[in-house]
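Structural description and commentary
One-letter residues, chain by chain:
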Amino acid sequence: MEDLKNIKILAEKEINSARNSEEIKQIFQKYLGKNGEVTRVLRSLKNLDENKKRSIGKLANQIKQELEQKIEIRKKEIGAEIGKNKTNKKIDVSFPGHKLPTGHLHPITKVKREVEDIFERLGFSVVEGPEVESEWYNFDALNIPANHPARDMWDTFWLRQNESKVQNSKSKANTKSQRLLLRTHTSPVQIRYMEKNNPPLRIIAPGRAFRYEATDASHEINFYHVEGLMVDKEISAANLKAIMEKFFEMFFKKSVKIRIRPSFFPFTEPSFEIDIRCLVCGGKGCSVCSQGGWLEIAGAGMVHPQVFKSAGLNPKEWQGFAFGMGLDRLTMMKYKIKDIRLLFKGDLRFLEQF
Ligand code: PHE
């Protein structure tokens, strides 16, 4: 019995002064291992008489358990101390750092910047206008009066306002309607710019436009346009054609065939539709160009006299061309994307390909 108690006292001392897991392991072997001191006592019980067997056996088992517990506790303490030492260690500044994931520009933004860059090199300034626009700038000033059937082409989202306080274009002939809507095109920027700047002028106005319509592979309720406007004393459709050809050549980095067809817009006279040879199939016909070989890329025309008047300029003095080009269409052509909706979904599986 006395022996056992001494073993216990010694073992406890050693456990408390153990400094690492190696020492703990050795202490475990020394007392509780196969030939450990406590183990040996337990093994010798069978040679004792019943009485002693019971009392010594009980004590030996108790000591075994206590020592096991103490060893476990000490192990944890040492672990914590080792952990503490670790954080005190010096930082290795030469160790390669973690790479932080970085984002990148949306394909439309990339194309927008490229378009801006090209037109700047052609002498155009880049300007902007508001996405929430008044009825006056979006329609009336562009020669699209209320109730004119042309408004059907630009069905949009109107903003809820207190109707009684807001002038609309039906109320009085000479008032400018302040009713608000999400602009259906970037053409209002033409008026806003000409009100404040005298010709000669050359601008582009890239930005978002909205339409109230059903979506499909080539239609979205919002999309990106870039408006173009060039005004001077003698500007003709030949200037428009030259600028467009030069732009497409610089944008696609090869000469691109264009086609100009007659069309109608209330704010240009004459009006055109500009098509480019489909770059996906080279003009043979494919799903992107609906088998036609040509792709409608912009609306354009010579600025209507009424538009000059709305902006306070004399139409007898100035001439100009304007165009509205689909930035999403350009993006789709450049990257061969077949569905416009992909551009606005925010799906990373798609976006991370650019
Ligand atoms: N604003 C027209 C559209 O939304 C495009 C256009 C712009 C046409 C300028 C002619 C001149 O379709």
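Reading the values: rules and limits
Residues numbered from 1 in each chain as written. Predicted model: local features only at pLDDT ≥ 70, side-chain atom pairs only at ≥ 80, totals over all residues. Heavy atoms only, no water. Core = buried A, V, L, I, M, F, W, Y, C linked by side-chain atoms within 4.5 Å. Buried < 20%, exposed > 50% of the residue type's maximum accessible area, 1.4 Å probe, protein only. Helix = DSSP H or I, 4+ residues; strand = E, 2+ residues; numbered from the N terminus. Contact = heavy atoms within 4.5 Å. Near = heavy atom within 4 Å. Polar contact = N/O pair within 3.5 Å; in protein donor to acceptor, adjacent residues only side chain to side chain. Areas by Shrake-Rupley, 256 points an atom, 1.4 Å probe, with all protein chains shown as cover. Nonpolar A, V, L, I, M, F, W, Y, C, P; charged D, E, K, R; others polar. Pairing = 2+ DSSP bridges. Domains from an automatic or database assignment.

**Some details on the nonpolar core**
- With 38 residues, the main nonpolar core has F119, F248, M325 and L330 as its most contacted residues.
- Listed by contribution, the elements that provide at least two residues to this core are helix 5 (107–121), strand 5 (222–232), helix 8 (237–252), strand 7 (268–277), strand 8 (294–303), strand 9 (319–326) and helix 10 (327–335).
- Here this core takes 7 residues from helix 8, the largest share from any one element.
- Ignoring sequence-local partners within four residues, the contact set of M325 consists of F119, Y224, H225, V226, M244, F247, F248, I297, A298 and L330.
- Within the second largest apolar cluster, 28 residues are counted, among which are V127, A141, L201 and L229.

**Let's talk about the site of the ligand**
- Around the ligand, the surrounding shell holds 15 residues, and the nearest of these are W154, H185, S187, R211 and G324.
- Contact between the ligand and W154: an oxygen atom at 3.3 Å from a side-chain N or O atom of the residue.
- Computed on the free molecule, the ligand has an accessible area of 320 Å², of which 94% lies beneath the protein chains in the complex.
- When residues of the shell around the ligand are traced back to their parent elements, those giving at least two are strand 5, strand 8 and strand 9.
- The element best represented in the shell around the ligand is strand 9, accounting for 3 residues.
- Considering only residue class, the shell around the ligand consists of 6 nonpolar, 7 polar and 2 charged.

**What about the sheet that holds strand 9?**
- With mixed pairing, the 7 strands of this open sheet are ordered in space as 1-4-5-9-8-7-6. Across the chains shown, the open sheet's two edge strands, defined by having one partner strand only, are strand 1 (125–126) and strand 6 (258–265).
- With 10 bridges connecting them, strand 4 (residues 201–210) and strand 5 associate as antiparallel partners. Residue A205 lies in a different strand from strand 5, and its bridge partner there is E227.

**Notes on the domain arrangement of the chain**
- In terms of domain boundaries, the chain breaks down into domain 1 (2–86) and domain 2 (107–351).
- Taking the mean C-alpha position of each, domain 1 and domain 2 sit 87 Å from one another.

**Focus on the side chain of E12**
- Its location among the elements puts E12 in helix 1 (residues 2–17).
- A distance of 2.8 Å separates a polar atom in the side chain of E12 from a polar atom in the side chain of K70.
- E12 has contacts with E66, L67 and K70, leaving out every residue within four places of it along the chain.

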